[in-house]
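# Residue-level structural notes
Letter by letter, the chains look like this.
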Amino acid sequence: MISSYTILIVITVLVGLATIVLAQFMPDVTAASVSDILVSPISGFLDGIEVSLFLLILGGCLGIVNKLGALDAGIAALVKRLHGRETVLIAVIMAVFALLGSTYGFCEETIPFYGLLAATMYAAGFDTMVAAATVLLGAGVGCLGSTVNPFACGVAIDSLASVGLEVNQGVVIVLGVILTVVSYLISLFFILRYANRVRRDKGSTILSLQEQQASEEAYGENAEAADGPAVLEFTGKRKVALALFGFSFAIMICGFIPWEDFGVDIFVAGGVYDEAAETWATMPWSGLLTGNPLGEWYFNDASVWFFIMAIVIGILGGLRENEIVDGFLDGAADMIGVALMVGLSRAISILMGETGLDMVILNNASAALEGTSALAFGPISYLVYLGLSVVITSTSALATISMPILGPLAANLGFPPEVIITIFCAANGLANLFSPTAVFLPGLLLARVQYPTWLKWALAPIVAIAVASVVICTGALMVL
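Residues numbered from 1 in each chain as written. Predicted model: local features only at pLDDT ≥ 70, side-chain atom pairs only at ≥ 80, totals over all residues. Heavy atoms only, no water.

## Focus on a nonpolar patch on the surface
Nonpolar side chains collect at one region of the surface, where I9, V10, V13, L14, L17, I20, V21, F25 and M26 lie side by side and expose about 780 Å² of accessible area between them. Along the polypeptide, I9 turns up in helix α1 (residues 4-22). (Patch = residues over 30% accessible without salt bridge, like charges linked within 9 Å, V, L, I, M, F, W, Y side chains within 5 Å. Areas by Shrake-Rupley, 256 points an atom, 1.4 Å probe, with all protein chains shown as cover. Salt bridge = Lys/Arg side-chain N within 4 Å of Asp/Glu carboxyl O. Helix = DSSP H or I, 4+ residues; strand = E, 2+ residues; numbered from the N terminus.)

The following block contains the structure:
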C-alpha cells in the first residue's frame with residue numbers, strides 16, 4: 001500500500017482534474033488551475049494550523065511522560081499487581097486501553113504492550129492470542145467510541161465548524177460512551193470465553209503449530225530473559241507524572257464539554273460577559289490560564305493547557321531543563337506526520353470549495369437521498385466510512401475530507417451532525433481492527449500471531465461490534 005500522504009496528494013490532483021472536466025458540462029463548477037492545485041496544500045496547512053499545533057504540543061507532553069517511562073511502568077505495575085487474577089487483568093487492561101483510546105486515540109502506542117502481555121498471559125496458562133486480543137480490542141473499542149479524541153472527534157468538529165455547522169459536544173460524548181461500553185462488553189465476552197477454554201484445554205487454541213512453537217520460544221519457560229520486554233519500576237516520580245498526565249486529560253475533557261448547555265455554571269462563576277463585545281469583561285476563574293472558561297475551550301486553549309502541564313510534569317518528574325526540551329521535541333516529532341496530514345487533507349476540501357465542486361456533490365447527493373429514512377442513511381453512511389477507512393488510514397485526514405460533505409448532507413436531511421461524527425468514529429475504529437493498512441500488525445508479530453489467524457479469531461467479535469454500532473447510530477438518528 002502507498003502511504004496516506006501519497007493517497008491524499010493523488011486525490012487532490014484527481015479532484016483538480018475532475019473540476020477541469022466537469023466545468024465543461026456543469027456551469028456551477030469552476031475549472032481549477034495548476035496554481036490552484038499546487039497552492040491548495042499550503043492553504044490547507046494554514047487553515048488547520050490550530051489543530052496541527054495542538055497535536056504537536058500534545059505529542060510533546062506525551063514525549064515527556066514517555067521519557068520518564070511513566071506509562072510503561074504504570075501498565076507493568078498493574079500487570080504485576082493482578083498476577084494470578086489474569087481474567088480480572090484482561091478486563092482492567094481492556095478498560096484502561098478503551099479509556100485511552102476514547103479520549104486520546106491510543107492506538108500506535110499500544111504496540112510495546114503486545115509483548116508485555118504476551119509473556120504475562122502465556123505464563124498464566126493462556127495463549128498469545130489472548131494477549132493480542134486484549135490489547136487490540138481494548139484500544140480499538142475506545143477509538144471507535146471516541147468521546148474527546150482530538151484525532152477523530154476534535155478534527156471532525158473543527159471540520160464541521162468550517163462549513164458553519166455547530167456541534168453539541170455533549171451529545172458526541174454520550175454517544176461515544178454508549179458505543180465504547182457496548183463494544184467493550186462484546187469484546188470482553190469473546191476474549192474471556194476463548195481464554196478460559198484455552199486454559200482448560202491447550203488443544204483448543206486457534207494458533208497454528210508454527211505460532212505455538214514461536215510463542216513457546218519467545219515466552220515459554222526456556223525463553224531467554226533478553227527476549228522479554230524490560231519492566232520499569234513504578235517509582236514515586238513516575239506515579240506523579242502519570243497522575244498529572246491523566247489529570248491533564250480530565251481537565252481537557254471538562255474544557256470541551258459545554259457545561260452551560262446542561263445548566264452547570266460553576267466554571268463561569270465570577271465572570272461577567274459583555275454581550276455587545278461578545279467577550280468576557282471579567283474573566284471567570286476557570287479561564288485565567290487560557291482566556292476561555294472550561295466548557296468553552298477550543299484547540300488553542302487545549303494547546304496552552306498541555307504546554308503548561310508538559311513543563312509541570314517534566315519538573316516534578318525530576319528532569320533537567322535539557323531533558324524536558326529533548327523529551328518535548330521527541331514527542332512533537334512523533335506527531336509531525338499527523339500534524340502535516342491535517343493540513344494536507346484539508347487541501348481537498350479547500351480545492352472543492354474554491355471550484356464549487358463540493359456544493360455540486362452535496363446538492364446531487366441530497367437530491368438522491370431526499371426522503372431517505374434513518375434506517376437507510378445510518379447503515380449506508382457507516383459502510384461508506386468503513387470503506388474509506390481502509391484506503392485513508394489517517395483518522396484526522398478522513399475526518400477533514402469527509403465531514404464538510406457528509407455533515408451538511410445529513411443536516412439537509414434533518415439528521416444531527418453529532419451522529420455523523422459518531423458514525424465516522426465507529427466505522428473508522430472498526431476498520432482499525434481488521435484492515436491490513438492499520439497499525440496493529442507489528443503488535444501481532446510481537447505476540448507471535450499471524451494476520452490471517454487474527455482475522456479468523458476476530459471475525460465474530462468484529463461482526464458483533466459492527467452490528468451493535470449500526471443499531472446504536474441508526475437509533476440515534478431516529479431519536480435525536
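What follows picks up the thread again.
## Observations concerning the pattern of salt bridges
Any two side chains of opposite charge can pair, given that their charged atoms come close. Using the criterion set out here, one finds one salt bridge in the structure. The partner of R320 in a salt bridge is E323, and the shortest N-O contact between them spans 3.4 Å.

## Re helix α2 (residues 34-47)
Structural remark: α-helix, 3.6 residues per turn; residues separated by three or four positions point the same way. Counted at 1.5 Å a residue, the expected span for α2 with its 14 residues is 20 Å, and the 20 Å between its end C-alpha atoms agrees. Taking the largest bend as the criterion, α2 deviates by roughly 35°, centred on S40, and proline P41 comes between one and four positions later. (Expected span 1.5 Å × (residues − 1). Bend = angle between axes of the 7 residues up to and from the residue.)

## What to know about the packing of helix α3 (residues 49-68) against helix α8 (residues 150-162)
Contact geometry of α3 with α8 gives a least axis separation of 11 Å together with a crossing angle of 160°. Looking at the two axes, α3 sits roughly antiparallel to α8. As α3 runs across α8, the sense of the crossing is right-handed. Of α8, the residues touching α3 (which contributes V51, F54, L55 and L58) are P150, F151, V155 and D158. Taken together, the residues of the contact of α3 with α8 sort by class into seven nonpolar, no polar and one charged. (Axes fitted to C-alpha atoms, helices over the stretch in contact; angles between N-to-C directions. Parallel < 35°, antiparallel > 145°, perpendicular 65-115°, else oblique. Left-handed = near helix turned anticlockwise from the far one by under 90°. Contact = heavy atoms within 4.5 Å. Nonpolar A, V, L, I, M, F, W, Y, C, P; charged D, E, K, R; others polar.)

## Thoughts on helix α9 (residues 169-200)
The terminal C-alpha atoms of α9, which comprises 32 residues, lie 46 Å apart, in line with the 46 Å expected from a rise of 1.5 Å per residue. One side-chain oxygen at the N-terminal end of α9 lies 2.9 Å from the backbone nitrogen of G170; it belongs to N168. (Polar contact = N/O pair within 3.5 Å; in protein donor to acceptor, adjacent residues only side chain to side chain.)

## Some points on the environment of S159
Structurally, S159 can be placed in helix α8. Note: C-alpha distance between S159 and I405 (246 residues apart in sequence) is 9.8 Å. Once residues within four sequence positions are removed from consideration, S159 is found in contact with A399, T400, M403 and P404.

## Digging into the environment of Q24
Within the fold, Q24 resides in the loop between α1 and α2. A relative accessible area of 61% means that Q24 is categorised as exposed. (Buried < 20%, exposed > 50% of the residue type's maximum accessible area, 1.4 Å probe, protein only.)

## Observations regarding the nonpolar core
Of all hydrophobic cores here, the largest spans 148 residues; its most connected members are F306, I313, Y385, I421, F424, W454 and W457. Per element, the largest residue contribution to this core is 12 residues, and it comes from α9. In this structure, W457 is in contact with M129, A133, L137, F190, I191, Y194 and I206, ignoring residues within four places of it in sequence. (Core = buried A, V, L, I, M, F, W, Y, C linked by side-chain atoms within 4.5 Å.)

## Comments concerning unusual backbone geometry
At R448, a position not held by glycine, the phi torsion is positive, near 60°. Within the secondary structure layout, R448 lies in the loop between α18 (441-446) and α19 (451-479). On the basis of relative accessibility, which here comes to 28%, the residue R448 falls in the partly exposed class.

## Observations concerning the confidence of the model for the protein chain
With 93% of its residues at a pLDDT of at least 70, the protein chain reaches an overall mean of 85. Predicted confidence is poor over residues 224-229, with pLDDT under 50, and the contacts of this stretch with residues over four places away or in other chains come to four contacts. (pLDDT = per-residue confidence, 0-100.)

## What to know about a negative patch on the surface
The grouping of E321, D326, D330 and D334 at the surface amounts to a negative patch. Note that E321 resides in helix α13 (residues 321-355). (Lys, Arg positive; Asp, Glu negative; His and termini not counted. Charge placed at Lys NZ, Arg CZ, Asp CG, Glu CD.)

## Focus on the pairing of strand β2 (residues 279-282)
Judged from the three bridges that link them, strand β1 (residues 272-274) and β2 form a sheet pairing that is antiparallel. By the bridge assignment, D274 is partnered in β2 with T279. Taken together, β1 and the strand that follows it, β2, pair antiparallel across an intervening segment of four residues, in which E278 is found at a positive phi of about 55°. (Pairing = 2+ DSSP bridges.)

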